[in-house]
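Each chain is listed here by its residues.
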Amino acid sequence: MKHYPYQIDSLESYKEAYKQSLDNPAAFWGDIARNFSWMHSWKNVLDWNFEEPSVKWFDGAKLNITVNCLDRHLEEHASDIALIFDANDPEEASRHISYQELYDEVNRMALVMKARGIKKGDRVCIYMGMIPELAIAVLACARIGAIHSVIFGGFSARSVADRINDAQAKAVITCDGAYRGAKQIELKSIIDDALEQCLSVQSVFVVNRTNTPVSMIKDRDYWWDEEMLNIPLGSFCEPEPMNAEDPLFILYTSGSTGKPKGVVHSCGGYMVYATYSFVNVFQYQLGEVHFCTADIGWITGHSYIVYGPLCAGATSLMFEGIPTWPNASRFWEICEKHRVNILYTAPTAIRSLMGLGDEFVESFSLQSLRVLGSVGEPINEEAWQWFHDKVGKGRCPIVDTWWQTETGGIMISNIAGITPQKPAFATLPLPGIFPELVNENGNVIEGNEVSGNLVISHPWPATIRTTWGDHERCKQTYFSAYPGKYFTGDGALRDKDGNYRITGRVDDVLNVSGHRIGTAEVENAINMHQGVVESAVVGYPHDLKGQGIYAYVIYQGKHNESQDQLRSDILSTVIRIIGPIAKPDKIQFVQGLPKTRSGKIMRRILRKIAERDASNLGDTSTLLDPSVVDSIRQGAL
Ligand code: WTA
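Residues numbered from 1 in each chain as written. Predicted model: local features only at pLDDT ≥ 70, side-chain atom pairs only at ≥ 80, totals over all residues. Heavy atoms only, no water.

### Some words on the overall build of the chain
Selection rule: Strands here mean DSSP runs of E at least two residues long; helices mean DSSP runs of H or I at least four residues long; both are numbered from the N terminus. This radius of gyration counts C-alpha atoms alone. The globule rule is 2.2 Å times how many residues there are, raised to the power 0.38. Partly exposed residues are those whose accessible area sits between 20% and 50% of the maximum for their type, while under 20% is buried and over 50% is exposed, using a 1.4 Å probe and protein chains only. In this analysis, two residues are considered to be in contact whenever any of their non-hydrogen atoms come within 4.5 Å of each other. Note on areas: these come from Shrake-Rupley sampling with a 1.4 Å probe, and a residue is covered only by the protein chains present in the view. We score Asp and Glu as negative and Lys and Arg as positive, and we do not count His or the chain ends. Charge positions come from single atoms, namely NZ of Lys, CZ of Arg, CG of Asp or CD of Glu.
For the chain, the helix and strand inventory stands at 19 helices and 30 strands. Over its C-alpha atoms the chain spans a radius of gyration of 24 Å, differing by no more than 12% from the 26 Å that the globule rule assigns to 637 residues. Each principal axis of the C-alpha distribution contributes one length, and for the chain these read about 75 × 60 × 55 Å. For the chain, with 637 residues in total, the buried portion stands at 62%. Here the contacts in the chain between residues at least 6 apart in sequence split such that 72% fall between residues at least 24 apart. Surface accessibility of the chain: about 24,200 Å² in total, with carbon and sulfur atoms responsible for 48%. Put simply, the chain has 60 plus and 76 minus side-chain charges, and the middle of one group is 3 Å from the middle of the other.

Encoded structure:
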């Protein structure tokens, strides 16, 4: 028997589901949603217009997502394992947390937060390493209706402060420190620096992970363990009844302009879509171990470590460390040790492991693996083949899942073992997802063997609802370029069979090792460095990272330091302002930048030079000073 009534189990059932979703999206999603636990049903399945935009799924319905992730499983599956934790240090014992145990801990932490005055609608920023308490913190927020905003542990104090301030967070949950490979990151001290600029935060909960000495501020900072001791085991926290359209979380992500924006997802639609896509794309079978290697600081971790798997009653594996430490066998050891069935990772990890040699993977039989998955950036055919042959031993389907922070869940992907796979193609949309390709004029490009900008023409349950505190920005960024459609920012092509291949961003967003970074953000950080007059940042193809960051910098400071020194100073500035993930790979000092007469930087030219494809730069006649191009070209790195 199928455990999930809405699980697609044949090519025919995929086609049938797709057709139903096309004929009547509301009826299709209404039927799926009825398999979840609601406190009160909805009035309408869907109300929408993409002009404002306004998207409402299951409006009027009441639910709490943690009831679906936890309470609902207790009757029959209390002792099933919800989370497996594999620590950074392979010698440290792994932890197995049952649904009952996770439920108990989430209830306690929810009561801890309530006791400190945190309530429905308050924002809570979470800045932690990949330890079970991170999942507990996320769920405890959802239990009481507080809106969580998880910030990846690699961001600097300044980036953290920007996010806390934008969200006006009332509380922060953090750790003393985090282990990551050979490194230790002092999270609490970064929070202390950040909070000097944040007046909204009233309480900070600190998990002791690394025994790092930290400064604890009276009446603001509380040890997680001590707080939990105040709440007896077995205490019950009433799940806050949430409207389906109430925000569940904010997740900051980079765009082509300005500071990162807070993508907002709702409680009801997001829950339905994260779970539906999880169960279907990976063809999850009850009892299997799902290992998603992402960090919960990104959307992939939200949807496919926490919410999707737990709503489905799955066993989700959390890994604290990195794939290359203490050596490049780490993933494979984890897969063997915990008999992992589904491994969901990023092309950048695959490429770096591939580069370190086959011997690390060849000695592992990896028999438990059934499905492999890829996410975050286009996967090149060589990496796909290696993943298929060496990791999947030629037996496991690979799902190439295209989606975004804004889409909440997987949008275009093959369905493991059911719909055909094609290397480097995300292939076909999931039921309920209606992609289109449009040209510059906004006209829909019909037919196959065509390429264009990728848009989605109809809402799906996990559509971005707004950008926190600035609805207009949401409208401008996603719903204005092609009125009536959601614009993804990606380019794509469609092959003769209707399969989609994502070709990459068509805006000024870089994808570096699967991390989204706006060129404007990096430029702003570089420009903070004393003596820097102006800078322009573009991406270029990078063997391991997918894209590397190439910065052109006009510097007019003192000239007594060497260029190398200056480069390393600029790098330190970027690390301080954003974090190590935004560090440029190349910095070229230039006298001027190619600008149009209206003062716009012609990035197309800079991109070509960075890509070492400067033979034909196209039309440069509109440049204010065409001679700068030659000098930039000569100095190219
Ligand atoms: C890119 C990550 C090609 C794409 C879930 C998108 C991909 C951006 C794929 C979103 C894929 C993601 N093939 N490109 N399978 N998956 N992308 O918000 O450019 O961190 O717009 O969400 O990653 O990145 P984000």
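Read on for the rest.
### Points about the packing of helix α4 (residues 99-115) against helix α5 (residues 132-144)
Cut-off, in case you're wondering: Angles here are taken between N-to-C directions and fall from 0 to 180 degrees, while the axes themselves are lines fitted to C-alpha atoms, restricted in helices to the stretch in contact. Crossing handedness is read from the near helix: turned anticlockwise from the far helix by less than a right angle, it gives a left-handed crossing, and turned clockwise, a right-handed one. Polar here means any residue outside two lists: the nonpolar Ala, Val, Leu, Ile, Met, Phe, Trp, Tyr, Cys and Pro, and the charged Asp, Glu, Lys and Arg; Gly therefore counts as polar.
Where α4 contacts α5, the axes come no closer than 8 Å and their chain directions differ by 60°. The way α4 lies across α5 gives a crossing that is right-handed. On α5, the residues that touch Leu102, Tyr103, Glu105, Val106, Asn107, Met109, Ala110, Met113 and Lys114 of α4 are Ile136, Ala137, Leu139, Ala140, Cys141, Arg143 and Ile144. Its residues assigned to classes, the contact of α4 with α5 shows twelve nonpolar, one polar and three charged.

### Section: the layout of surface pockets
Under the convention used in this document: Points on a 1 Å grid, built from protein atoms alone, make a cavity when a 1.4 Å probe fits but cannot get out and make a pocket when they are open with protein on both sides within 12 Å along at least 5 of 7 lines; residues with an atom within 4 Å of a point are the lining residues. Grid points are joined across faces, edges and corners, and a volume is the space filled by probe spheres set on the points.
Each pocket or cavity is described by its volume, and for the second largest pocket that value is around 330 Å³. Lining of the second largest pocket is provided by 17 residues; of these, His3, Tyr4, Arg72, His73 and Cys311 occupy positions nearest its centre. In terms of residue count, the dominant contributor to the lining of the second largest pocket is helix α3 (residues 65-77) (five residues). Across the lining of the second largest pocket, the residue classes tally to seven nonpolar, six polar and four charged.

### Examining empty space enclosed by the protein
Once rolled over the atoms, a probe with the size of a water molecule shows which space is left empty. Under the defined criterion, the tally for this structure stands at three cavities of 30 Å³ or more. Approximately 90 Å³ is the volume found for the largest cavity. Every residue lining the largest cavity is listed: Met128, Gly129, Met130, Phe152, Gly153, Ala178, Tyr179, Arg180, Ile185, Leu187, Asp295 and Glu320. Here the element with the most residues in the lining of the largest cavity is strand β9 (residues 178-180); it accounts for three residues. Looking at the lining of the largest cavity residue by residue, the classes come out as seven nonpolar, two polar and three charged.

### Remarks on the pairing of strand β4 (residues 81-86)
Put simply, the test is: When DSSP locates at least two bridges between a pair of strands, those strands are taken to pair.
Of all six residues in β4, five are buried, a share of seventy percent or more. Here β4 runs beside strand β5 (residues 95-98); their pairing, made up of four bridges, is antiparallel. Looking at the pairing, Ile84 lines up with His96 of β5. One ladder, built from four bridges, connects β4 with strand β17 (residues 315-319); its direction is parallel.

### Observations regarding the site of the ligand
Stated formally: Here a residue counts as near a molecule or strand whenever at least one of its heavy atoms sits within 4 Å of it. In the analysis that follows, any N or O atom pair within 3.5 Å is treated as a polar contact, provided that within protein one partner can donate a hydrogen and the other can accept it, and provided that, for residues neighboring in sequence, both atoms belong to side chains.
Near the ligand there are 17 residues, and of these Asp400, Thr401, Thr405, Asp490 and Arg516 occur at the shortest range. Separating an oxygen atom of the ligand from a backbone N or O atom of Gly376 is a distance of 3.1 Å. Contact with the protein chains hides 96% of the accessible area of the ligand, taken as 520 Å² for the molecule alone. Contributing elements (two or more residues each) for the shell around the ligand: α10 (299-311), β20 (398-401) and β25 (500-505). Here the residues of the shell around the ligand sort into six nonpolar, six polar and five charged.

### Notes on the pairing of strand β2 (residues 54-59)
With five bridges connecting them, strand β1 (residues 44-49) and β2 associate as antiparallel partners. When the sheet's bridge partners are listed, Asn49 is paired in β2 with Ser54. In this structure, the hairpin formed by β1 and β2 is closed by a connection of four residues.

### Here we look at α10
Residues that lie three or four places apart on an α-helix share one face, since the helix turns once every 3.6 residues. Most of α10 sits inside the fold, with 13 of its 13 residues counted as buried. Trailing α10 by a residue or two, Gly313 shows a phi angle of about 70°, which is positive.

### Things to note about the environment of Asp246
Relative to the elements of secondary structure, Asp246 occurs in the loop between β13 (242-243) and β14 (247-253). On a C-alpha basis, the gap between Asp246 and Gly269 in space is 10 Å, while along the polypeptide they are 23 residues apart. If near-sequence neighbours (up to four positions away) are discounted, Asp246 is found in contact with Lys120, His265, Ser266 and Cys267. Side chain to side chain, Asp246 and Lys120 meet in a polar contact 3.2 Å long.

### Focus: the environment of Glu381
One can find Glu381 in helix α14 (residues 381-391). Note on Glu381: relative accessible area 46%, which makes it partly exposed. Along the sequence, Glu381 and Lys422 sit 41 residues apart, while their C-alpha atoms lie 9.5 Å from each other. The contact partners of Glu381, leaving out residues within four places of it in the chain, are Pro423, Ala424 and Arg501.

### Structural notes on the packing of α3 against α4
Look at α3 against α4: their axes get within 9 Å of each other, and the N-to-C directions meet at 145°. Crossing angle aside, the handedness with which α3 passes α4 is left-handed. From α3, Cys69, Leu70, Asp71, His73, Leu74 and His77 reach across to α4, where they touch Tyr99, Gln100, Leu102, Tyr103 and Val106. When the residues that make up the contact of α3 with α4 are grouped by side-chain class, the tally is seven nonpolar, three polar and one charged.

### Here we look at the pattern of salt bridges
Note that side chains of opposite charge can pair when their charged atoms are close. This is how it is decided: Here, a salt bridge means any side-chain nitrogen of Lys or Arg that lies within 4 Å of a carboxyl oxygen of Asp or Glu.
Applying the stated criterion to the full structure yields 36 salt bridges. Note that Arg116 and Glu227 form a salt bridge whose closest N and O atoms lie 2.8 Å from each other. Within this pair, whereas Arg116 is found in the loop between α4 and β6 (123-127), its partner Glu227 is found in helix α8 (residues 224-229), the two being separated by 111 residues in sequence. Judged by its relative accessible area of 33%, Arg116 is partly exposed. Note that Glu406 and Arg516 form a salt bridge whose closest N and O atoms lie 2.9 Å from each other. Remark: Arg516 occurs in strand β27 (residues 515-518) and Glu406 occurs in the loop between β20 and β21 (435-438); sequence separation between them is 110 residues. Grouping residues by exposure puts Glu406 and Arg516 together as buried. Several salt bridges converge on common partners, so that one network encompasses Lys188, Asp192, Arg220 and Asp221.

### Some remarks on the sheet that holds strand β22 (residues 450-456)
Pairing within the open sheet is antiparallel, and its four strands lie in the order β21-β22-β24-β25. Across the chains shown, the open sheet's two edge strands, defined by having one partner strand only, are β21 and β25. Each neighbouring strand pair of the sheet contributes to a mean axis angle of 45°, computed without reference to strand direction. As paired strands, β22 and strand β24 (residues 486-494) are joined by six bridges and run antiparallel to one another. Counted as the bridge partner of Ile456 is Tyr486 from β24.

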